[in-house]
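# Residue-level structural notes
The chain contents come next:
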Amino acid sequence: MGKKTTVTEENLVIVESPAKAKTIEKFLGKDFLVKSSYGHIRDLSKSDFGVDINNNYQPDYIVSSDKKDVVKELKQLAKSAKMVWLASDEDREGEAIAWHLFETLGLKEENTRRIVFHEITKDAIQKAVENPRKIDTNLVNAQQARRVLDRLVGFELSPVLWRKVKPSLSAGRVQSVAVRLIVDREREVFAFKPTSAYRVTALFEVTDEKGRIKELKAELNKRFNTIEETKAFVEKCSDAQFLVSQIEKKPMKKTPAAPFTTSTLQQEASRKLGYSVSQTMSIAQKLYEAGKITYMRTDSVNLSDLALNMASTMITEKMGAEYVKIRKYKTKAKGAQEAHEAIRPTYLDKETVSGSAQEKRLYELIWKRTIASQMSDAQLEKTIIHINAGTTGEKFMATGEVIKFDGFLKVYIESTDAEGEQDDKESVLLPPMNEGDQLDMLNVEARQRWSQKPARYTEASLVRKLEELGIGRPSTYAPTISTIQNRGYVEKEDRDGTERTYQHIWLERGKELIESEKTEITGAERSKLFPTDIGMVVNDFLVKYFENIVSFDFTAKVEKEFDDVALGNIEWSKSIDEFYKPFHVKVEETLEQSEKSTGERVLGVDPTSGQQVSVRIGRFGPLAQIGVSSDDEEAEKPRFASLRKGQHLETITLEEALDLFKLPRTLGEFENKVVVIGIGRFGPYIRHDSKFVSLKKGVDDPFEIDLETAIERIKTKREEDLKKIIKLFDEEPELQILNGRWGPFIKYQKKNYKIPKDKNAEELSLEDCKALIEADTKSTAKKGTKTAAKKTTAKKTTAAKKTTKKASTTKKKTSTKKTK
């Protein structure tokens, strides 16, 4: 299988995606037919875990219903082909896809070849065809181990959560650890108590050699703890002499960052371009499949010799030989594996590519990072000026940087996740001066500043943390982060800051000191990850009863075992067995012995009724409750109110909870009908004449809105509804032609019907509308019949499989009993 293969006229090449197929076909020519499997063609069945626990954890794979036609076509093509080439991606998932194709299509080893490449170029494809190999069963087993373990954890844990926390919940192995990181950070934020200190800055006037006046900003090299100390120091500055006591000059160099891995690309695209992790991967996949970049799931920072030579040539031609410095980076990530090269452009002489605006921006980012990684260090000179503040014994410091040689900075500067007083760290060019120079003070300013709370995770910083801990792999970061958001355990959102008062002192040359109070907005969050209440309750339950599942070290150890399976060092089923048996026992114990967990917190007593006030997770989410549930039918039933957005079970106060019961509020009457304000499952609303109007987000407070504003919202909603109406029919009031988000449609008896694009909605008569409704109904009925027939066939097939499986399981159990 490792020998060179001569190309015949009947070659079938199978890849995972149509886009990849289209690109490869251009390079292989007419003797090759390239087809797509459209991703995985089969997966674990949904019945009985899809894993035979009693038979060495053997997976039970079935062809997905939406892939049956694809499999049928590929089988026919494979039968008539003299050679089948499996060209799925080179990572573990790609290897598993190749193996599934081999097994499902009934391929034979003598006329099947496995080829891999990390870039889709003519040279790379031809080289792969000339050097085929066998399917690597170790890589396949590593992927199977991950899939089986995740299925066992998900299928065993989820029912525990349904019974002990809330119905319809689910839990995953890596996802639970990611949620724990976010919950732990949120609790750090809740527990954080900021401390304040006073930062003092001064603006000086400097006259240069040519008599020109320049300004120099400097900061005191210490911070004062009290307003009294600060005020006393600033007052002394009014008649102090400011002398330059020392000028330090230090040479510095900056080194470029390594080329992109999956993780660093996701982080930098988030910081520089504002892309989500899944968005970055989707765009990168398109660039790879179009042959524009190398494979995008990798934790290697290595560049091929060909790429290094291309980079050297490109930099020399564009910027000069002095800008070239060839580097070979080494991967530092825990358990690094996946692919053989960093993410880079396939052709480094192309600074930009065709495609969507998003594809162009991501490509240019990858090009700049790759080129910069092979450029010279930037040479800088850092200057620190020490300024004595008279006889106070304190010093002001001014810092600046001068770029002597820009090097890689000519092309690229790496971003960071740092938060806080960023303006303090900006590099400035300092005016020339000498030691002993006297400076004229223009003003001195003191501001009260606070310590920074721990930074909440962004998608990018969470990826970095997971990578640091050795949790997950390049192919898992994006789906993990998407899943925890889709399940409602985590929300990604912006949050406005709150107003804060701070003390301010201002001294201007020749004027009186001014002490005042000022306000600022602080704590604004942009695209941060926040745990929901249900996410926190589920996390606490798992930490209490399944410490291993959410343990950072244990999860990293499991990843290491997968790596060992991929290397052929351990057998995957033994690794699963060591985990599953004690885990299953723990599941059984938890179901029998643990109490229901709703995150309940008692806040106090309602002063009006004297009943207990508490908060907990309810069927529809977090809620406040007055009273206690009782089996006594005559006892007063508890009252419930949903928590508002931004309120949390762990931080809500008794007063805030009691406020929730002030709704619904009756504001008065409009058009002889009562106007009521309430809060429902989807947020606060106005109810008038049996109709509901949403409050304006971020503007209207349901506890403070007045009748006048509510009437304004009702009228605005009516105007919006009128704009939606295209045509009404007096003889059939229930039938309306309306304007919708996707264009005009017919609404009749609470159902919506499409209007074909070739029809003018305004010209339709009542008869036309009824004809369209009838045609739509018949079409839907036909589709329904076909779907029902498919479902019946599928049920029969599943039932037959289950009968066979039960029979085999019964035989196994009987033989086991006899042996015992």
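Each remark here, short or long, concerns the structure printed above.
Residues numbered from 1 in each chain as written. Predicted model: local features only at pLDDT ≥ 70, side-chain atom pairs only at ≥ 80, totals over all residues. Heavy atoms only, no water.

Turning our eyes to something else, we now look at the nonpolar core. Counting 145 residues, the largest nonpolar core has F117, L362 and F546 as the members making the most contacts within it. In terms of residue count, helix α5 (residues 137–164) provides more of this core than any other element does, 11 residues in total. Residues in contact with L362, not counting those within four places in the same chain, are L265, A269, L273, Y275, T280, I283, A284 and L287. In terms of nonpolar packing, the next biggest core, distinct from the first, is built from 28 residues, A202, A218, L439 and A446 among them. (Core = buried A, V, L, I, M, F, W, Y, C linked by side-chain atoms within 4.5 Å. Buried < 20%, exposed > 50% of the residue type's maximum accessible area, 1.4 Å probe, protein only. Helix = DSSP H or I, 4+ residues; strand = E, 2+ residues; numbered from the N terminus. Contact = heavy atoms within 4.5 Å.)

Before going further, it helps to examine the sheet that holds strand β30 (residues 751–754). The strands that make up a sheet pair up through hydrogen bonds in the backbone, lying either parallel or antiparallel. Here we have four strands laid out as an open sheet, ordered β27-β28-β29-β30, and antiparallel in their pairing. In this open sheet, the two strands that pair with only one neighbour each are β27 (725–728) and β30. Adjacent strand axes in the sheet meet at a mean angle of 30°, parallel and antiparallel pairs treated alike. Here helix α18 (residues 707–724) sits on the sheet in contact with β27 and β28 (736–740), set at roughly 65° to β27. (Pairing = 2+ DSSP bridges. Axes fitted to C-alpha atoms, helices over the stretch in contact; angles between N-to-C directions.)

A few words now on the pattern of salt bridges. The tally for this structure, following the rule as stated, stands at 63 salt bridges. A salt bridge links R146 to E559, with the shortest nitrogen-to-oxygen separation between them at 2.7 Å. Separated by 413 residues along the polypeptide, R146 in helix α5 and E559 in helix α15 (residues 552–566) bring together distant segments of the chain. Given a relative accessible area of 0%, E559 falls into the buried group. The shortest N-O distance in the salt bridge between E268 and R271 comes to 2.9 Å. With E268 and R271 both in helix α8 (residues 262–273) and three residues apart, this pair spans about one turn of that helix. With relative accessibility at 0%, the residue E268 sits in the buried group. Judged by relative accessible area, which is 23%, R271 ranks as partly exposed. Via salt bridges that share partners, E16, K20, D89, D91 and R297 belong to a single interconnected network. (Salt bridge = Lys/Arg side-chain N within 4 Å of Asp/Glu carboxyl O.)

What follows is about a negative patch on the surface. Side chains of D631, D632, E633 and E634 sit close together on the surface and give a patch of like negative charge. Among the structural elements, D631 can be located in the loop between β21 (621–626) and β22 (639–642). (Patch = residues over 30% accessible without salt bridge, like charges linked within 9 Å, V, L, I, M, F, W, Y side chains within 5 Å. Areas by Shrake-Rupley, 256 points an atom, 1.4 Å probe, with all protein chains shown as cover. Lys, Arg positive; Asp, Glu negative; His and termini not counted. Charge placed at Lys NZ, Arg CZ, Asp CG, Glu CD.)

Our focus in this paragraph is unusual backbone geometry. Going from L663 to P664, the amide bond is cis rather than trans, its omega being 0°. With respect to the helices and strands, the residue P664 is situated in the loop between α17 (654–659) and β23 (665–670). A positive phi angle, close to 65°, is found at N672, a residue other than glycine. In this fold, N672 is placed in the loop between β23 and β24 (673–680). Look at N672 and you get exposed, because its relative accessible area is 72%. Here the phi dihedral of D689 falls at roughly 55°; this positive angle occurs in a residue that is not glycine. By the element assignment, D689 lies in the loop between β25 (683–688) and β26 (691–694). Assessed through its relative accessible area of 34%, D689 is described here as partly exposed.

Further remarks concern empty space enclosed by the protein. A probe as big as a water molecule, rolled over the atoms, marks out the empty space that is left. Summed over the entire model, instances satisfying the criterion amount to two cavities of 30 Å³ or more. Forming the boundary of the largest cavity are 13 residues, of which Q175, S176, V179, Y489 and V538 lie nearest the centre. Those elements giving two or more residues to the lining of the largest cavity turn out to be α6 (173–191) and α14 (533–545). The biggest single contributor to the lining of the largest cavity is α14, with four residues. Residues belonging to the lining of the largest cavity are distributed by class as follows: six nonpolar, six polar and one charged. (1 Å grid on protein atoms, 1.4 Å probe; cavity = no way out; pocket = protein on both sides within 12 Å on 5 of 7 lines; lining within 4 Å. Points joined across faces, edges and corners; volume = space filled by probe spheres on them. Nonpolar A, V, L, I, M, F, W, Y, C, P; charged D, E, K, R; others polar.)

Moving on to the side chain of S461. On the secondary structure map, S461 appears in helix α12 (residues 459–469). By relative accessible area, S461 is classed as buried at 9%. Within the local environment of S461, its side chain forms a polar contact with the backbone nitrogen of T458, the two atoms lying 2.8 Å apart. (Polar contact = N/O pair within 3.5 Å; in protein donor to acceptor, adjacent residues only side chain to side chain.)

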